[in-house]
Amino acid sequence: MLLADSQYRTEDKNKLERYVKIYKSYGKLGEIDKAEIYVDRAIKLAEKLKLPSFIGRAYYSLGFYYQSHGHFIQAEDTYNKGIRKSLEIGDKQLYGDIYYNMGAMYASWSDFDKALSANLKAVAVYNELDNKLNAAGCYVNIADAYKSLEQYKTAITYLEQAVQVFKQFKGEEYGLALSYANMGANYFLADEKELGMSKTEKYQVALNFLDLSLGFANPLQDYSLFGTIYRTRAKILSVNGSSEQALDAFQKALASNKRLYNKRDYALDQLALADFYIEHAQYHEATPLLTEALSIGEENHLPALQRDANLALSKLAEKQQQFTKALEYFKAYIRFRDQIFNEEKEREITRKRLQLDFLVKENDYKSRQHVMSLALQKRTLEARERKQQLELKEKEMRIEKLALLQKQAILEKEKLQKESELERQRLNASLDRKYRDEKILKQETKARLNRNLAIFLGLLVLALSGAALLVYRAHRKTQQLNRLVLKQKTELEELGKVKDRILGVVSHDMRAPVNSLISFSKLLEHGNLSEERLRAYTLSLSQTLRHTSSMMENLLNWAYSQIQGFKPDLKMLEIGHLVQELVTAAEADASQKHLRISFSQDTEAKAFGDLNMVSLIVRNLLNNAVKFTPERGRIDVKIEHDFQLVRLCIADTGIGLGETQLQRFNSPKNIELGRSTAGTNSEKGIGLGLTLCKTFAAMMNAQLTASPNDEQGTIFILSMPSKAFAPKELKEFD
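Small disclaimer: the values here were computed from a predicted structure and weren't measured.

**Concerning the overall build of the protein chain**
Here is step 1 of the chain: For the protein chain, the helix and strand inventory stands at 25 helices and seven strands.
Here is step 2 of the chain: For the protein chain, the share of sequence-separated contacts (at least 6 apart) that also reach a separation of at least 24 residues comes to 64%.
Here is step 3 of the chain: Only carbon and sulfur atoms are counted for the fraction: they give 54% of the accessible area of the protein chain, which is about 46100 Å².

In structure tokens:
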């Protein structure tokens, strides 16, 4: 490309594009000085050719090269020039890309306020452009800033948002690998109380995310990802006491980062491995690692790395009882720590100086604009002189035109004479043609009549065909309506049968409690009941009325669900608290049969559903479990959840459902009323509870299934959408 550039002399767009390729190649090779030269040439040529988009992209690329080599002051100044150019030309994509890089730069610069501000600006632009992928990349940068601020849970939240976006697009394995690797690191560093889990669980979750990241990183062969994954894995294994595995992971991280041009991560791996050796009293292994890390910090002018290396060397010397060296290294640590603070002040002064330079350049630009304005006025005067010369030439052309018109008049006279002779000949020919035209007209009239007749017959055929088509369509529509009416008739007959059965049950089961009340009132009127008999009658009547109340509540809820237009009130529910209250309420009835009810949940879960419907479903399932479980049996209630579903399991050791009953209940199209069955202590029912539970579950976009218990009895499982996936899983209830 350099040879082609030296041989190509024309300053046009082709030469400009070649400049772009050359400075990008130098940037990849890490030769920033040469890249600067061709960036400057590209900017000057783009200004000459009036192609401002090339100028903005040149500033963007040069800022990236500065940033990659740790020259943050130059990178910031160059990026600011690119931002001004993007605003000037209205290039929102370039504006967002620059702030995207600046967010990552400020994070490594430890200026987290600016890092967050830059990322938020980039996200705002990407959202406006509907660029979800770049916005997700900003989420990863924001998470990195919050990680450095030790706000690990907030960082995890942003990484989860990024993962959700990356999963929507194909070919985003790198984004997923980077997000999962960072999630593993944040889980490792986060406080287990803040996460609501034990240390063992926290470390296991972190390792799981690292395994996911490694699965995406292996096909990509991205060594920077390998270094991050293995470094975090080594720290987790070291904390868990797996020293050999931790050492192997540290060595893999070193091998991966050693391949990269940027040695900062390689030096960080050396510091981490040196700390591991110091903790295990292997001081001779730690010394060369810390020395090389310090050398990398000196070569690349990384004061933070030199500070950490000197602190680690001081700690190592102290462990070896070399207190003089320990003091020297600690003094160096203090010096670099203060130097970093002084560099912060120097950066502010440099920014102001660069702003002043920019103002000077801006004034110089205005001066050049004035010179160009004078040159434009000179060219305007020259244009006026040329215009006057053109007007003189135009007058000469008019004179020549008059002479030409005279010649044209003579020729026109001769032409008229010839035309008169031609007109006489034309009249003779016209008479002959008129005779022929009359003959032709008669033939055309006859042909027109034949054609009109053919058109009429064709239209008639089309009209008959259209009428036949309309009749056929009407016949098909009638058949479809008949099928629809027949289907609705069948559904109404089925619903009528269910309602007739309910009325039959109500007429039978309501008569018993009413008669019991009448009999009890007559006994009270006579007043000759003993206290023991009164207590027995009262207990029997209370049980009868409780059964009747439950029956009426289920009947009313079932009737309400059949009303057209009824819709559940879906929202996020604290499912654990709700189930705990219902289990506590059921313990009173269970204690009468000496039943043991247990309730457990792994962590606090949230489900998407209707509070009243969930309460009714759980209450009916618990009542059935108590009803059909013999004395001294067991009822286990458990809540499990993952990223997609929350599952409520109610298992009893009762008489259980038969195979036919299970198949009928689990059938998605089964809505018929169940058969009433007496409980183990002859408790009554109307067979409506499970039907109502299944109906309400479907209305909430949930699923209720039953299966046999391994020991004895039945397990009912209510599966509901969880918080993260509730909006996507919702569907309209039919």
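The structure having been displayed, the exposition proceeds.
**Regarding the environment of Glu 201**
Here is step 1 of the chain: Along the polypeptide, Glu 201 turns up in helix H12 (residues 199–220).
Here is step 2 of the chain: Classification of Glu 201 as partly exposed rests on a relative accessible area of 43%.
Here is step 3 of the chain: Along the primary structure Glu 201 and Tyr 187 are separated by 14 residues, whereas in three dimensions their C-alpha atoms are 9.9 Å apart.

**Observations regarding the confidence of the model for the protein chain**
Here is step 1 of the chain: Per-chain confidence: the protein chain averages 79 in pLDDT, with 80% of residues scoring 70 or above.
Here is step 2 of the chain: Of all the helices and strands in the protein chain, helix H25 (residues 726–729) carries the lowest mean pLDDT, 44, while strand E7 (residues 714–721) carries the highest, 93.
Here is step 3 of the chain: Across residues 344–367, confidence stays below pLDDT 50; counting only partners more than four residues off in sequence or on other chains, it has 11 contacts.
Here is step 4 of the chain: Across residues 726–734 the pLDDT falls below 50, and counting only partners more than four positions away or on other chains, this stretch makes 13 contacts in the model.

**Here's the deal with the sheet that holds strand E5 (residues 645–652)**
Here is step 1 of the chain: In spatial order, the strands read E2-E4-E5-E7-E6; together these five strands make up an open sheet with mixed pairing. Since the sheet does not close on itself, it has two edges, and those belong to strand E2 (596–601) and strand E6 (703–708), each with one partner. Pairwise comparison of adjacent strand axes, ignoring direction, gives a mean angle of 15° for this sheet.
Here is step 2 of the chain: Inspection of the sheet shows E6 paired to E7 by six bridges, in the antiparallel sense. Pairing of Leu 704 across the sheet is with Leu 718, part of E7.
Here is step 3 of the chain: Across the face of the sheet, helix H21 (residues 575–592) comes into contact with E2, strand E4 (634–641), E5 and E7 while running at roughly 175° to E2.

**What to know about the packing of H12 against helix H13 (residues 223–239)**
Here is step 1 of the chain: Relative orientation of the contacting elements H12 and H13 amounts to 155°, with a least axis distance of 10 Å. In terms of axis orientation, H12 runs roughly antiparallel to H13. Crossing handedness for the pair H12 and H13: left-handed. Within the contact between the two elements, H12 uses Tyr 203, Ala 206, Leu 207, Leu 210, Asp 211, Ser 213, Leu 214, Ala 217 and Asn 218 and H13 uses Leu 225, Phe 226, Ile 229, Tyr 230, Thr 232, Arg 233, Ile 236 and Val 239.
Here is step 2 of the chain: Of the residues assigned to the contact of H12 with H13, the class counts are 12 nonpolar, three polar and two charged.

**Looking at the environment of Glu 574**
Here is step 1 of the chain: Tracing the backbone through its elements, the reader meets Glu 574 in strand E1 (residues 571–574).
Here is step 2 of the chain: Linking Glu 574 and Glu 604, residues 30 residues apart in sequence, is a C-alpha distance of 7.8 Å.
Here is step 3 of the chain: Not counting residues within four places of it along the chain, the set of residues in contact with Glu 574 comprises Glu 604, Ala 605 and Lys 606.

Thresholds, definitions, all that
Each residue is numbered by its place in its chain's sequence as written, counting from 1. Residue-level local features of this predicted model are given only where pLDDT is at least 70; pairs of side-chain atoms are given and counted only at 80 or more, and the full residue set underlies all totals for whole chains, interfaces and linings. Hydrogens and water molecules were not included; the side-chain quantities draw on all heavy atoms of the structure. Secondary structure elements follow DSSP: runs of H or I of four or more residues count as helices, runs of E of two or more count as strands, with numbering from the N terminus. Here, residues are in contact when the closest pair of their heavy atoms is within 4.5 Å. Accessible surface area values rest on a Shrake-Rupley calculation with a 1.4 Å probe, where residue burial reflects the displayed protein chains alone. Residue burial is assigned from relative accessible area. The probe radius is 1.4 Å, only protein chains are included, and a residue is buried under 20% of its type maximum, exposed over 50%, and partly exposed in between. The quantity called pLDDT is the predictor's confidence in a given residue, expressed from 0 to 100. Strands were regarded as paired on the criterion that DSSP finds at least two bridges between them. Working convention: axes come from line fits to C-alpha atoms, limited for helices to the stretch in contact. Angles between N-to-C directions cover 0 to 180 degrees. An angle below 35 degrees is read as roughly parallel, one above 145 as roughly antiparallel, one from 65 to 115 as roughly perpendicular, and any other as oblique. Less than a right angle of anticlockwise turn of the near helix away from the far helix marks a crossing as left-handed, whereas a clockwise turn marks it as right-handed. All amino acids are sorted into three groups, where Ala, Val, Leu, Ile, Met, Phe, Trp, Tyr, Cys and Pro are nonpolar, Asp, Glu, Lys and Arg are charged, and the leftover types, Gly among them, are polar.

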